[in-house]
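So you can see what is in the structure, the chains are spelled out below.
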Amino acid sequence: MASPANSGYVPFFIAAAVALTLLISSAAAHRYNVLRYGARPDGITDSTRPFLMANAATVYVPNGTYLLMAAVFEGPCWSKITVRLDGTLVAPSDYRALGSYEHWILFMSVNKLRFHGGTVDGQAARFWDCRMSGRDCPSGARSVTFYWVNDVRVIGLTSIDSQMAHIVINGCNDVLMRNVTAIAPKWSLNTDGIHIQGSTRVTISGATLETGDDCISIGPGTRDTFMTNINGGPGHGISIGSLGWNMIEDGVKNVTLTNSVFSGSENGVRIKTWARSTTSFVKMVIFENLIMENVMNPIIIDQNYCPYYEGCPNQFY
Ligand SMILES: *[C@@H]1O[C@H](CO)[C@@H](O)[C@H](O)[C@H]1NC(C)=O
Ligand SMILES: *[C@@H]1O[C@H](CO)[C@@H](O)[C@H](O)[C@H]1NC(C)=O
Ligand SMILES: *[C@@H]1O[C@H](CO)[C@@H](O)[C@H](O)[C@H]1NC(C)=O
């Protein structure tokens, strides 16, 4: 077949151009900037959809404030994802919009998640007012929950003013939290900093937890928890339990807490169980190198746990 002398170059240039285009588009596909998909950093526009639709290996949230409604990030499409959060996610200012969901931001059935930086603000002040006033209030949402998630790293996340617990790790394996912060007023109800339950190999390395309830609480079915460099208080300190609410219940095994400071908290370290016969247990606990400043109960083991003196098993009031 006859052809011009330079024909060999044409396919080369086309191939090069195609390769370059592919390279550029695949780079774009691997980084999903929420601004490009309709999120608005104005704190007012509902940006939930662009977050939920993210499909890339890296999700990037630039500085700014984004309104996010209750959202579930789920399954294979949210696996192997790195979220780089430079901005702040805010909950709706009307607490009723979240209040009857159990969760605000929920990661569920995900493998391999990386979460860097940023702030989540539950804006719960009016929700707590409602609860304190004794009016009829919704049951409230936890701010960030990891449910059935394996292999997660959360680095530099700050959670403020959650309605209920700030961060919940439930049914997870291999979780690393580094340099996380949870802040809510001392008088706010049930604003635990980090709640861990049914999970194995959770490490918390570096945390500032100033809350109205437990700084960290560890519930049934938890194994191999390692915590270091925790600054707790105000709040109720670090609790294992409450355990033994159910007769058949899995216990807690292998907990280490080291090099931490509690300041102005109600308790330092605590183990609490309901006064009931149960299969639950607590084994292999090390608390070491702890500094307690202005802490009411530095170490407390309570096997007749009964907050508010009502509705507890086997208690005489
Ligand atoms: C980030 O955004 C907030 C408003 O949401 C603004 O006050 C602040 O100055 C911004 N910071 C940077 C480093 O751009
Ligand atoms: C901890 O996280 C905060 C907020 O993301 C960041 O400003 C700070 O530099 C981090 N500190 C360390 C020691 O990584
Ligand atoms: C206890 O947990 C730590 C940290 O999670 C782990 O390195 C260690 O191997 C566990 N020890 C036992 C005896 O399982």
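Values in this document were obtained by computation on a predicted structure and should not be read as measured data. (Residues numbered from 1 in each chain as written. Chains lettered and ligands numbered in written order. Predicted model: local features only at pLDDT ≥ 70, side-chain atom pairs only at ≥ 80, totals over all residues. Heavy atoms only, no water.)

### Regarding helix α4 (residues 125-133)
At 3.6 residues per turn, the α-helix brings residues three or four places apart onto the same side.
Stage number 1. If you check which residues of α4 are buried, you get Phe127, Trp128 and Cys130. One face of α4 carries all of its buried residues, which in axial projection span an arc of 155°. (Buried < 20%, exposed > 50% of the residue type's maximum accessible area, 1.4 Å probe, protein only. Helix = DSSP H or I, 4+ residues; strand = E, 2+ residues; numbered from the N terminus. Arc of directions from axis to C-beta.)

### A look at the site of ligand 1
Stage number 1. Around ligand 1, a shell composed of Asn63, Gly64 and Thr65 is seen.
Stage number 2. In this structure, asparagine 63 approaches ligand 1 through a side-chain N or O atom, which is 2.6 Å from an oxygen atom.
Stage number 3. At a separation of 3.2 Å, an oxygen atom of ligand 1 approaches a polar side-chain atom of threonine 65. (Near = heavy atom within 4 Å. Polar contact = N/O pair within 3.5 Å; in protein donor to acceptor, adjacent residues only side chain to side chain.)

### Concerning the domain arrangement of the chain
Stage number 1. As far as domains go, the chain holds domain 1 (16-185 + 197-210) and domain 2 (214-317).
Stage number 2. On the domain 2 side, the residues contacting the 14 residues of domain 1 number 18 residues.
Stage number 3. Summed over both sides, the interface of domain 1 with domain 2 buries roughly 1200 Å², with 49% coming from carbon and sulfur.
Stage number 4. Looking only at domain 1, the three residues that lose the most surface to domain 2 are Gln197, Ile204 and Leu209, adding up to 40% of its buried area.
Stage number 5. Taken together, the connections running from domain 1 to domain 2 amount to zero salt bridges.
Stage number 6. If you look at where domain 1 meets domain 2, you find 16 residue pairs in polar contact (both at pLDDT 80 or more).
Stage number 7. Sorting elements by how many residues they give to the side of domain 1 that touches domain 2 places strand β17 (residues 200-210) first, with 11 residues.
Stage number 8. Its residues placed into classes, the side of domain 1 that touches domain 2 shows four nonpolar, eight polar and two charged. (Domains from an automatic or database assignment. Contact = heavy atoms within 4.5 Å. Buried area = accessible area lost by both parts, 1.4 Å probe. Salt bridge = Lys/Arg side-chain N within 4 Å of Asp/Glu carboxyl O. Nonpolar A, V, L, I, M, F, W, Y, C, P; charged D, E, K, R; others polar.)

### Some thoughts on the sheet that holds strand β20 (residues 238-243)
Stage number 1. Spatial strand order, β5-β8-β11-β14-β16-β18-β20-β22-β24: nine strands in an open sheet with parallel pairing. Of all strands in the sheet, those with a lone pairing partner are β5 (71-74) and β24 (297-302), marking the two edges. Going from strand to strand, the sheet's axes swing by 15° on average, the running direction of each strand aside.
Stage number 2. Judged from the three bridges that link them, strand β18 (residues 216-218) and β20 form a sheet pairing that is parallel. Across the sheet, isoleucine 218 pairs through a bridge with isoleucine 240, a residue of β20. (Pairing = 2+ DSSP bridges. Axes fitted to C-alpha atoms, helices over the stretch in contact; angles between N-to-C directions.)

### Observations concerning the site of ligand 3
Stage number 1. Neighbouring ligand 3 are Asp224, Asn254 and Met284.
Stage number 2. One nitrogen or oxygen atom from the main chain of aspartate 224 is found 3.1 Å from an oxygen atom belonging to ligand 3.
Stage number 3. In this structure, asparagine 254 approaches ligand 3 through a side-chain N or O atom, which is 2.3 Å from an oxygen atom.
Stage number 4. Relative to its free-state accessible area of 360 Å², ligand 3 is covered by the protein chains to the extent of 41%. (Areas by Shrake-Rupley, 256 points an atom, 1.4 Å probe, with all protein chains shown as cover.)

### Digging into the pattern of salt bridges
Stage number 1. Following the criterion strictly, the structure yields seven salt bridges and no others.
Stage number 2. Between aspartate 174 and arginine 201 there is a salt bridge; the shortest N-O distance is 2.7 Å. With aspartate 174 in strand β15 (residues 173-183) and arginine 201 in strand β17, the pair connects residues that are 27 residues apart, well separated along the chain.
Stage number 3. Between aspartate 214 and arginine 270 there is a salt bridge whose closest N-O contact spans 3.1 Å.

### So, the layout of surface pockets
Stage number 1. The space that makes up the largest pocket amounts to roughly 980 Å³.
Stage number 2. Asn190, Asp213, Asp214, Lys272 and Tyr305 are, among the 34 residues lining the largest pocket, the residues nearest its centre.
Stage number 3. Elements with a contribution of two residues or more to the lining of the largest pocket: β16 (194-197), β20, β22 (267-273) and β24.
Stage number 4. With three residues, β24 is the largest single contributor of residues to the lining of the largest pocket.
Stage number 5. Its residues assigned to classes, the lining of the largest pocket shows 12 nonpolar, 12 polar and 10 charged. (1 Å grid on protein atoms, 1.4 Å probe; cavity = no way out; pocket = protein on both sides within 12 Å on 5 of 7 lines; lining within 4 Å. Points joined across faces, edges and corners; volume = space filled by probe spheres on them.)

### Structural notes on the environment of asparagine 63
Stage number 1. Mapped onto the elements of the fold, asparagine 63 is located in the loop between β3 (58-61) and β4 (65-67).
Stage number 2. Taking relative accessible area as the criterion, asparagine 63 reaches 65% and is therefore assigned exposed.
Stage number 3. Considered as a pair, asparagine 63 and asparagine 289 are 226 residues apart in the sequence and their alpha carbons are 38 Å apart.
Stage number 4. Not counting chain neighbours up to four residues away, the residues in contact with asparagine 63 comprise Pro41, Asp86 and Gly87.

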